[in-house]
Amino acid sequence: MGSNLLALASDICDDPSINLQRPLTLFGAYDEGDTTDRRLVRALTKTCQYLAGRYEWQVLKQSYTFSTVASEIQTAALPSDYLRPVQDTMWVNGLRVIGPVNDQDWAAMKAGRLPLSYPSFRIYNDQFHLLPISGAGQSVTYQYITKAVGTAAPVSPSTARTLVTRFSADTDQALWDDELMTLGAVYQIRKSLRKDYAQDERDFETCILDRIKADGGSRILSMGGKKDNRLQRPAVTLISQTTAWKGSDW
């Protein structure tokens with residue numbers, strides 16, 4: 001995260017390809033015909049939404065836990081800021097929950113033509129479906145990508161900033177750094193004005209790739225043919241814990 005939204009908007013207005021007058025506020029009650037503030041907020045929001053769909057940024061990953069109900073549809077399974085799941089992160093009772101299952105396999109499960117060896121889930125019609133039907137009170141945990149675009153200023157010095165799905169104050173902050181947000185907003189504004197934005201788009205995409213390389217972390221891959229002992233997994237002693245999966249009896 002970088003500057004607050006108003007400072008970020010000022011940087012965008014100062015860009016030579018935009019050259020707009022800096023607004024005093026982005027959320028004033030009256031604009032007297034000047035739509036600069038709304039254009040800036042819209043461009044910043046669209047930039048955040050584009051970035052969220054572009055890559056699974058570490059800043060967007062959230063953890064969530066819910067308790068099951070004895071029904072296929074799990075009413076408490078989706079948080080209010082849910083955008084999409086992080087693949088292969090859902091677990092219940094020491095077992096991985098398979099999914100999201102595709103249309104064909106889900107139909108086969110519902111028809112009893114595909115064995116339910118492991119719990120499986122699917123999300124459709126904005127509802128979370130889980131098969132086989134579980135008993136109530138089972139704890140399911142998973143990671144998901146939030147649809148938040150930024151954070152709001154804390155209400156007091158002792159509280160943390162909170163995620164927001166819409167910008168509503170000059171003191172809000174985007175979840176990405178100033179340079180990436182500025183390039184994205186400039187590209188969005190020039191595109192909306194039907195101006196040539198080819199170079200702006202290239203600059204934005206190049207910056208995205210640079211940020212992706214630095215985001216989060218990943219395992220080191222050896223590109224040589226020699227074995228590198230530094231890359232070996234440490235020895236781990238596992239305690240045997242057998243978890244019995246009994247279909248719908250869980």
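Computed from a prediction, not measured in an experiment: that's the story for all the values here.

Visitor: Summarise the packing of helix 1 (residues 5–14) against helix 4 (residues 178–192); cite the residues concerned and give the values.
Guide: Running from N to C, helix 1 and helix 4 point in directions that differ by 55°, and their axes come no closer than 9 Å. Considering their axes alone, helix 1 and helix 4 lie oblique with respect to each other. Seen along the crossing, helix 1 lies across helix 4 with a hand that is right-handed. Judged by residue contacts, L8, D11 and I12 of helix 1 engage D178, M181, T182, A185, V186 and I189 from helix 4. Its residues assigned to classes, the contact of helix 1 with helix 4 shows 6 nonpolar, 1 polar and 2 charged.

Visitor: Describe a positive patch on the surface, with residues and values.
Guide: Taken together, the side chains of R42, K46, R166 and K191 make up a positively charged region of the molecular surface. By secondary structure assignment, the location of R42 is in helix 2 (residues 36–54).

Visitor: Kindly report on the environment of W176, identifying the contributing residues and their values.
Guide: Summarising the element assignment, W176 is placed in the loop between strand 11 (173–174) and helix 4. A relative accessible area of 5% means that W176 is categorised as buried. Sequence separation of W176 and V149 is 27 residues, and the distance between their C-alpha atoms is 8.9 Å. Every residue in contact with W176, bar those within four places of it in the chain, is listed here: M1, G2, C48, L51, A52, W57, L60, V149 and M181.

Visitor: Can you tell me about the environment of D200, naming the residues and giving the values?
Guide: Looking at where D200 falls in the secondary structure, it is placed in helix 5 (residues 198–214). A residue is classified by how much of its surface remains accessible, and D200, at 14% relative accessible area, is buried.

Visitor: Quick one: what's the story with the nonpolar core, residue by residue and with numbers?
Guide: One finds L44, L51, W176 and M181 to be the most contacted residues of the largest nonpolar core, which totals 35 residues. Of all the secondary-structure elements, those providing two or more residues to this core are helix 1, helix 2, helix 4 and helix 5. Among residues more than four places away in sequence, those in contact with L44 are L5, L8, I12, F167, M181 and A185. Listed in part, the 12 residues of the second largest apolar core include V97, F121, Y142 and Y144.

Visitor: Explain unusual backbone geometry to me, and be specific about the residues and the numbers.
Guide: Residue P100 is reached from G99 by a cis peptide bond, and omega for that bond is 0°. Considering the arrangement of structural elements, one finds P100 in the loop between strand 5 (95–96) and helix 3 (103–110). Of note, the bond from L131 into P132 is cis; its omega dihedral lies within 30 degrees of zero at -10°. Here P132 is to be found in the loop between strand 7 (127–131) and strand 8 (139–146).

Visitor: Any details on the sheet that holds strand 11? Residues and values, ideally.
Guide: Within the open sheet, the 3 strands sit side by side as 10-9-11. Their pairing is antiparallel. Each edge of the open sheet is held by one strand with a lone partner, namely strand 10 (162–164) and strand 11.

Visitor: Tell me about the packing of aromatic side chains, residues and numbers included.
Guide: To describe a pair of aromatic rings, you give the distance between the ring centres and the angle between the ring planes. Considering all chains together, one arrives at 13 aromatic pairs under this definition. Three or more aromatic residues joined by ring pairs make a cluster, and in this case those are Y64, F66, Y82, F121, F128, Y142 and Y144.

Visitor: Describe the sheet that holds strand 2 (residues 73–74), naming the residues involved and giving the relevant values.
Guide: Ordered in space as 2-7-6, the 3 strands form an open sheet in which the pairing is antiparallel. A single partner strand is all that each edge strand has here, and the edge strands are strand 2 and strand 6 (120–124). As defined by bridge partners, strand 6 adjoins strand 7 across 5 bridges and the pair is classed as antiparallel. In the sheet register, R122 faces strand 7, and the bridge partner there is H129. In the packing of helix 3 onto the sheet, contacts are made with strand 6 and strand 7, and the angle to strand 6 comes to roughly 115°.

Visitor: How would you sum up the pattern of salt bridges? Please name residues and give values.
Guide: By the definition in use, this model includes 8 salt bridges. Note that R54 is salt-bridged to E205, the shortest N-O span being 2.8 Å. Residue R54 is located in helix 2, and its partner E205 is located in helix 5; the two are separated by 151 residues in the primary sequence. D177 serves as the salt-bridge partner of R211, at 2.7 Å between the closest nitrogen and oxygen. Of this pair, R211 sits in helix 5 while D177 sits in the loop between strand 11 and helix 4; the two residues are 34 residues apart in sequence, bridging distant segments of the chain.

What counts as what
- Residues numbered from 1 in each chain as written.
- Predicted model: local features only at pLDDT ≥ 70, side-chain atom pairs only at ≥ 80, totals over all residues.
- Heavy atoms only, no water.
- Axes fitted to C-alpha atoms, helices over the stretch in contact; angles between N-to-C directions.
- Helix = DSSP H or I, 4+ residues; strand = E, 2+ residues; numbered from the N terminus.
- Parallel < 35°, antiparallel > 145°, perpendicular 65-115°, else oblique.
- Left-handed = near helix turned anticlockwise from the far one by under 90°.
- Contact = heavy atoms within 4.5 Å.
- Nonpolar A, V, L, I, M, F, W, Y, C, P; charged D, E, K, R; others polar.
- Patch = residues over 30% accessible without salt bridge, like charges linked within 9 Å, V, L, I, M, F, W, Y side chains within 5 Å.
- Areas by Shrake-Rupley, 256 points an atom, 1.4 Å probe, with all protein chains shown as cover.
- Salt bridge = Lys/Arg side-chain N within 4 Å of Asp/Glu carboxyl O.
- Lys, Arg positive; Asp, Glu negative; His and termini not counted.
- Charge placed at Lys NZ, Arg CZ, Asp CG, Glu CD.
- Buried < 20%, exposed > 50% of the residue type's maximum accessible area, 1.4 Å probe, protein only.
- Core = buried A, V, L, I, M, F, W, Y, C linked by side-chain atoms within 4.5 Å.
- Pairing = 2+ DSSP bridges.
- Phe/Tyr/Trp six-rings, centres within 6.5 Å; stacked < 30°, edge-to-face > 60°.

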